[in-house]
Structures are given as C-alpha cells and as structure tokens.
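# Structural overview
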Amino acid sequence: MQKLVIVTFVLRALGFVLVILSLFGHEVILNVFPGLEGTSINPIFYSGIAVYFVGAVIYFFVNKKRRADRRREEIAEAEQRAFQSSVKEQDGNQDA
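These lines cover the structure that appears in this document, whether it is placed above or below. Because the structure is a prediction, the values reported are computed rather than measured.

### Details of the overall build of the protein
Summing up its helical and strand segments, the protein has three helices and zero strands in all. Beginning at the N terminus, the succession of helices and strands in the protein can be written as α-α-α. Per-residue burial for the protein yields a buried fraction of 16% across its 96 residues. Accessible area for the protein stands at about 7600 Å²; split by element, carbon and sulfur atoms hold 64% of it.

### Concerning the pattern of salt bridges
The tally for this structure, following the rule as stated, stands at two salt bridges. Among the ionic pairs, Lys65 bridges to Asp69, the shortest N-O distance being 3.3 Å. Of this pair, Lys65 and Asp69 both sit in helix α3 (residues 42-95), four residues apart, which is roughly one turn of the helix. Given a relative accessible area of 46%, Lys65 falls into the partly exposed group. The exposure class assigned to Asp69 is partly exposed, which follows from its relative accessible area of 24%. Among the salt bridges present, the one from Arg72 reaches Asp69, with a minimum N-O distance of 2.8 Å. Residue Arg72 and its partner Asp69 are both found in helix α3; the two are separated by three residues, about one turn of the helix. We classify Arg72 as exposed; its relative accessible area is 53%. Each of Lys65, Asp69 and Arg72 takes part in one network of salt bridges that share partners.

### What to know about helix α1 (residues 2-24)
For α1, which comprises 23 residues, the first-to-last C-alpha distance of 33 Å matches the rise-based estimate of 33 Å (1.5 Å per residue) to within 8%. For α1, every residue scored as buried is listed here: Val5, Thr8, Arg12, Gly15, Val19 and Ser22.

### Some words on the packing of aromatic side chains
By convention here, two paired aromatic rings are described through the distance between centres and the angle between planes. Per the counting criterion, the structure on display carries three aromatic pairs. Centre to centre, the rings of Phe9 and Tyr59 are 5.4 Å apart; their planes meet at 50°, and the pair counts as tilted. Of this pair, Phe9 sits in helix α1 while Tyr59 sits in helix α3, placing them 50 residues apart in sequence. Ring geometry for Phe45 versus Tyr46: centroids 5.7 Å apart, planes at 65°, classification edge-to-face.

### As for the environment of Ile58
Within the secondary structure, Ile58 sits in helix α3. Not counting residues up to four positions away in its chain, the partners in contact with Ile58 are Leu4 and Thr8.

Definitions and cut-offs
Residues numbered from 1 in each chain as written. Predicted model: local features only at pLDDT ≥ 70, side-chain atom pairs only at ≥ 80, totals over all residues. Heavy atoms only, no water. Helix = DSSP H or I, 4+ residues; strand = E, 2+ residues; numbered from the N terminus. Buried < 20%, exposed > 50% of the residue type's maximum accessible area, 1.4 Å probe, protein only. Areas by Shrake-Rupley, 256 points an atom, 1.4 Å probe, with all protein chains shown as cover. Salt bridge = Lys/Arg side-chain N within 4 Å of Asp/Glu carboxyl O. Expected span 1.5 Å × (residues − 1). Phe/Tyr/Trp six-rings, centres within 6.5 Å; stacked < 30°, edge-to-face > 60°. Contact = heavy atoms within 4.5 Å.

Taken by themselves, the reported measurements are silent on function.
Quick look at the structure:
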C-alpha cells in the first residue's frame, strides 16, 4: 500500500513538471525534442494534466481505503476497551 502512495506522489509530481515545462519551458522542450519545432506543444500540456489526474484519482481511492481501515481499527479498539471496563465493573460488583 505504501508503494502505491509513493507512486501516486511521483505521478502527480511528473504531471506538475510537464505542465510547468509546457507553460514556461518551450526552449527546453525544443532542445530535448528538436522534431517538435514548428508544432504545438499542447500534447505535452495535456499529457501532464492527464498524468496528474491519474495520480490524484489513485491517491483518492487509496487514501479513502486507508481512512476506512483506520476507522475500523479505532472502533474495534474502542469496543475492546468498553468491553474490558464493563467486565471490570461486573467483577467489582460481584466481589462486594
């Protein structure tokens, strides 16, 4: 699960870098890919948005599952503590 969270952060960072490069780094993109000269750099912008969106959606579902698991554990611990305290109270009443 932790690896998946790291992958989502990497995807979101990559998407952010692609969007920033497409907005402010035309020269860098054209130096790296000289065949794009004279064409639109919009595909890089759209792929950056898509990569970021995929990372964000995966993170949303993973985080939702982690929260549900944590909530279930907290409820189970609370029930366990409540049960233990009720058992102690009953033992105290029987001793008197």
